[in-house]
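# Report on the structure
As a plain string of letters, each chain reads:
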Amino acid sequence: MIKKFAHVCLFSGLLLGVMSCSSASIEDYQQTTPKLDLATFFDGKLTAAGIVQDFSGKVTRKFTVTMEAHWTDTPQGKQGVINEWFVYDDGEKQTRVWKITDKGNGIYQGTANDILGIAEGESRGSALRWRYDMQLAVDGSEYQVHFDDWMFLVDDQTIINKSDIIKFGVTVAQVTLVIAKQED
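Calculation notes
Each chain carries its own residue numbering, running from 1 in the direction its sequence is written. This being a predicted model, a pLDDT of at least 70 is required before a residue's local features are given, and a value of 80 or more before pairs of side-chain atoms are given or counted; all residues contribute to the totals for chains, interfaces and linings. As a convention, hydrogens and water are excluded, and side-chain values are obtained from all of the structure's heavy atoms. pLDDT is defined as a per-residue confidence score from the predictor, taking values between 0 and 100. Here a residue-residue contact requires only that any non-hydrogen atoms of the pair lie within 4.5 Å. When DSSP finds two or more bridges between a pair of strands, those strands are recorded as paired. Helix numbering and strand numbering both begin at the N terminus, where a helix is a DSSP run of H or I of at least 4 residues and a strand a DSSP run of E of at least 2. Axis definition: a line fitted to C-alpha atoms, over the contacting stretch in the case of helices. Angles run 0 to 180 degrees between N-to-C directions. When a carboxyl oxygen of Asp or Glu lies within 4 Å of a side-chain nitrogen of Lys or Arg, that pair is called a salt bridge. A simple rule labels every residue: compare its accessible area, found with a 1.4 Å probe on the protein chains alone, to the largest value its type can have, and call it buried under 20%, exposed over 50%, or partly exposed in between.

This next bit is on the confidence of the model for the chain. A residue-level look at the chain finds 88% of positions with pLDDT of 70 or above and a mean pLDDT of 89. Taken together, the stretch residues 1–21 has pLDDT below 50 and engages in zero contacts with residues farther than four places along the chain or on a different chain.

Laid out in structure tokens, this is it:
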């Protein structure tokens, strides 16, 4: 019985190890199209709708976002500002202002009012992967969490954004968001 349990534990450990090593890489999207360019997509007015799911997959919140974005050329590179106004299904409202720098070769850096430090992003093909730490308010308390944030350009008008919210190395929630460009 102990020997069988040891084999099950060994197999489970190996399976977990293989699964954790096989996560998606931004390089997996190098040849995908259409090509995502943040300055082209995030320009002008956009809207979004999304959900937050807890660790079990249960939807805990729904929200909409109105966005306005613009870019300028500077000596430090192309600089973008994305203003986001969130409205949650419980009536809560939130504002975030992203300041993004295009460092060239698909590398981006960004800051925002609730982001801790600098968000690091990398784009290949139709995908962008952002990684950043955030001070997240939940039920009157604040938690420092890590976001592993993926954006996928579906067409010239639509991005699907999927984020894992991670605390102590464990995904505690996920956010899924559909972002659409608006006619000016």
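On we go.
One closed barrel holds the ten strands; their spatial order is β1-β2-β3-β4-β5-β6-β7-β8-β9-β10, and the pairing between them is antiparallel. Averaged over all pairs of adjacent strands, the angle between their axes in this sheet comes to 25°, without regard to strand direction.

Another aspect to go through is the pattern of salt bridges. Enumeration over the complete set of coordinates arrives at seven salt bridges. Where Glu92 meets Arg61, a salt bridge forms, and the shortest distance between an N and an O atom there is 2.6 Å. One end of the pair, Glu92, is in the loop between β3 (77–88) and β4 (93–104); the other, Arg61, is in strand β2 (residues 59–74), and 31 residues separate them in sequence. A relative accessible area of 33% places Glu92 in the partly exposed class. With its nearest N and O atoms 2.7 Å apart, the salt bridge here joins Asp114 to Arg96. In this pair, Asp114 is assigned in the loop between β5 (107–111) and β6 (115–124) and Arg96 in strand β4, connecting sequence segments 18 residues apart. Across this residue pair, the class does not change: Asp114 and Arg96 are buried. By sharing partners, the salt bridges in this structure join Glu27, Glu122 and Arg124 into a single network.

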